[in-house]
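# Working through the structure, step by step
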Amino acid sequence: MTTTERRRVAAGRVREAEDAVETLRQGLEGMGLTLPSLRIDPVSCAGNEPAPLVDLGRCNIDTALRLSAFLEKKCGGEAGHDG
């Protein structure tokens, strides 16, 4: 693979991560939740072959509890339980 092809692939990975962050942001906003630090981890995008990670960041206790309640409701009370 040429350098240009590698750069194109890398840019595509970063775009996918940006799209994922925006989709997640919109979904959370639809639930009335905001994760102010939601972003792509910049360090994971460094180098010739980035492996972008989504950094969910920090949130206040109320947001964490509301998100947990939503997930618990969606999972039928089985979220976070191994058995």
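Residues numbered from 1 in each chain as written. Predicted model: local features only at pLDDT ≥ 70, side-chain atom pairs only at ≥ 80, totals over all residues. Heavy atoms only, no water.

### A short note on the overall build of the protein chain
Counting its secondary structure elements, the protein chain contains two helices and two strands. Ordered by position from the N terminus, the helices and strands of the protein chain form the series α-β-β-α. For a compact globule of 83 residues, the expected C-alpha radius of gyration is about 12 Å, and the protein chain comes in at 16 Å, more than 25% above that figure. Overall, the protein chain is about 50 × 30 × 20 Å in size when its C-alpha atoms are taken along their principal axes. Considering the protein chain as a whole, with its 83 residues, one finds that 14% of them fall into the buried category. Accessible area for the protein chain stands at about 6,300 Å²; split by element, carbon and sulfur atoms hold 52% of it. Distance between charge centroids for the protein chain: 5 Å, based on 11 positive and 13 negative side chains. (Helix = DSSP H or I, 4+ residues; strand = E, 2+ residues; numbered from the N terminus. Rg over C-alpha atoms; globule rule 2.2 N^0.38 Å. Buried < 20%, exposed > 50% of the residue type's maximum accessible area, 1.4 Å probe, protein only. Areas by Shrake-Rupley, 256 points an atom, 1.4 Å probe, with all protein chains shown as cover. Lys, Arg positive; Asp, Glu negative; His and termini not counted. Charge placed at Lys NZ, Arg CZ, Asp CG, Glu CD.)

### Digging into the side chain of Thr63
The residue Thr63 is located in helix α2 (residues 61-74) in this model. With a relative accessible area of 8%, Thr63 lands in the buried category. When near neighbours in sequence (up to four residues on either side) are disregarded, Thr63 contacts Leu33, Thr34 and Leu35. (Contact = heavy atoms within 4.5 Å.)

### What about the nonpolar core?
Counting residues in hydrophobic clusters, the biggest one holds seven residues: Ala17, Val21, Leu28, Leu33, Leu35, Leu38 and Ile40. Per-element tally for this core: the top contributor is helix α1 (residues 3-30), with three residues. With near-sequence residues (within four places) excluded, Leu38 lies in contact with Val21, Leu24, Arg25, Leu28, Val54, Asp55 and Leu56. (Core = buried A, V, L, I, M, F, W, Y, C linked by side-chain atoms within 4.5 Å.)

### Brief notes about α1
Here α1 contains 28 residues, and its C-alpha end-to-end distance of 41 Å stays within 8% of the 40 Å for a straight helix at 1.5 Å per residue. Buried residues of α1: Ala10, Gly12, Ala17, Val21 and Leu28, and no others. Summarising the contacts, the buried residues of α1 are in contact with β1 (39-40), β2 (54-55) and α2. Residue Gly32 follows α1 closely and has a positive phi angle near 80°. (Expected span 1.5 Å × (residues − 1).)

### What about the environment of Ile40?
Turning to its location among the elements, Ile40 is positioned in strand β1. Placed 15 residues apart in sequence, Ile40 and Arg25 show a C-alpha to C-alpha distance of 12 Å. If we ignore the near neighbours within four places in the chain, the residues touching Ile40 are Val14, Ala17, Glu18, Val21, Cys45, Pro52 and Leu53.

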